[in-house]
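Here are the chains, one letter per residue:
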Amino acid sequence: QVQLVESGGGLVQAGGSLRLSCAASGRTFSAYAMGWFRQAPGKDREFVAAIRWNGGDTFYADSVKGRFTISRDNAESTVDLQMNSLKPEDTAVYYCAAAGNPGTWRYSMSNDYEYWGQGTQVTVSF
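Residue positions within a chain follow its written sequence, with the count starting from 1. Two thresholds apply to this predicted model, a pLDDT of at least 70 for residue-level local features and 80 or more for giving and counting side-chain atom pairs, whereas whole-chain, interface and lining totals are computed over all residues. For side-chain calculations, the full set of non-hydrogen atoms in the structure is used, while hydrogens and water are omitted.

Caption draft 1: Structural view of the environment of S71. Structurally, the position occupied by S71 is in strand β7 (residues 68-73). Judged by relative accessible area, which is 27%, S71 ranks as partly exposed. Distance from S71 to A99, taken between C-alpha atoms, is 15 Å for residues 28 residues apart in sequence. Labels follow the DSSP assignment, with helices taken as runs of H or I lasting at least four residues and strands as runs of E lasting at least two, numbered in each case from the N terminus. With a 1.4 Å probe rolled over the protein chains alone, any residue whose accessible area is under 20% of its type maximum counts as buried; one over 50% counts as exposed, and the rest are partly exposed.

Caption draft 2: A look at the pattern of salt bridges. One side-chain nitrogen of Lys or Arg within 4 Å of one carboxyl oxygen of Asp or Glu is enough to make a salt bridge. For the coordinates displayed, the defined rule picks out seven salt bridges. The salt bridge partner of R52 is D57, with a shortest N-O separation of 3.0 Å. On the basis of relative accessible area, D57 is assigned to the partly exposed category, the value being 37%. Residue D112 is joined to R106 by a salt bridge in which the shortest nitrogen-to-oxygen separation is 2.8 Å. Take D112: its relative accessible area is 14%, and that puts it in the buried class. Salt bridges sharing partners connect three or more residues here, namely R38, E46, R67 and D90.

Caption draft 3: Seen up close, the sheet that holds β7. With antiparallel pairing, four strands are arranged side by side in an open sheet as β1-β3-β8-β7. Only two strands of the sheet have a single partner each, and these edge strands are β1 (2-7) and β7. In this sheet, adjacent strand axes meet at a mean angle of 15° when their direction is disregarded. Pairing between two strands is assigned when DSSP locates at least 2 bridges connecting them. Across six bridges, the pairing between β7 and strand β8 (residues 78-83) is antiparallel. Its bridge partner lying in β8, T69 is registered against Q82. Fitted lines through C-alpha atoms give the axes, limited to the stretch in contact for helices. The angle between two N-to-C directions lies from 0 to 180 degrees.

Caption draft 4: Main features of the packing of aromatic side chains. Only rings of Phe, Tyr and Trp enter the pairing, Trp through its six-membered ring, and a pair is recorded when the two centres are within 6.5 Å. The plane angle decides the type: under 30 degrees is stacked, over 60 is edge-to-face, the rest tilted. Applying the stated criterion across every chain, the model contains eleven aromatic pairs. Site record: aromatic cluster; members linked through ring pairs are F37, F47, W53, F59, W105, Y107, Y113 and W116. Above the plane of the ring of Y95 lies R45, whose end atom (NZ or CZ) is 4.0 Å from the centre. A positively charged side chain is recorded as over a ring if its NZ (Lys) or CZ (Arg) lies within 6 Å of the ring centre. The angle to the ring normal must also be within 35 degrees. The ring of W116 has R45 sitting right over it, with the charged end atom 4.6 Å from the ring centre.

Caption draft 5: Structural context of the side chain of T78. Positionally, T78 belongs in strand β8. Filtering out sequence-adjacent residues up to four positions away, T78 remains in contact with S21, C22, A23, F29, S71, R72 and D73. Two residues form a contact once any of their heavy atoms are found within 4.5 Å.

Caption draft 6: Local environment of the state of the cysteines. By disulfide we mean two sulfur atoms from cysteines, separated by a distance within 2.5 Å. If you walk through the whole model with that rule in mind, you get one disulfide. Two residues share a disulfide in this structure: C22 and C96, whose sulfurs sit 2.1 Å from each other. Negative torsions about the S-S bond denote left-handed disulfides, and the value of about -75° found for C22 with C96 makes this one left-handed. With a gap of 74 residues between them, C22 in strand β3 (residues 18-26) and C96 in strand β9 (residues 92-99) connect regions that are remote in the sequence. Among the residues examined, C96 registers a relative accessible area of 0% and is labelled buried.

Caption draft 7: Representation of the side chain of D90. Structurally, D90 can be placed in the loop between β8 and β9. With near-sequence residues (within four places) excluded, D90 lies in contact with R38, R67, F68, S85, V122 and V124.

Put into structure tokens, the structure is as follows:
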């Protein structure tokens, strides 16, 4: 079992920055690939970014590429999402997720993540 707790959400003006953090507890953090997803009101949950177990590879949705950066610290059991140049369309609840099956992990597929945090609200105003 892995417990995930997100923090760092809030209200920011367009063009601003926020840094989300996800703290993990339970099983060995370094055994899990990590991802960030988001869900806006009335929309499906969508992939934002993901990072492999050792942090060697990162993946991004086209909509955030060049603006967001995912990173992890296996010693601290945390994964962060640095969000720059925020846009109103980035407004959503952001979720941290953990995937523990390296053989079948598809980084953008929410069904491939076994554990989820409770989410943190990000609101970007005009």
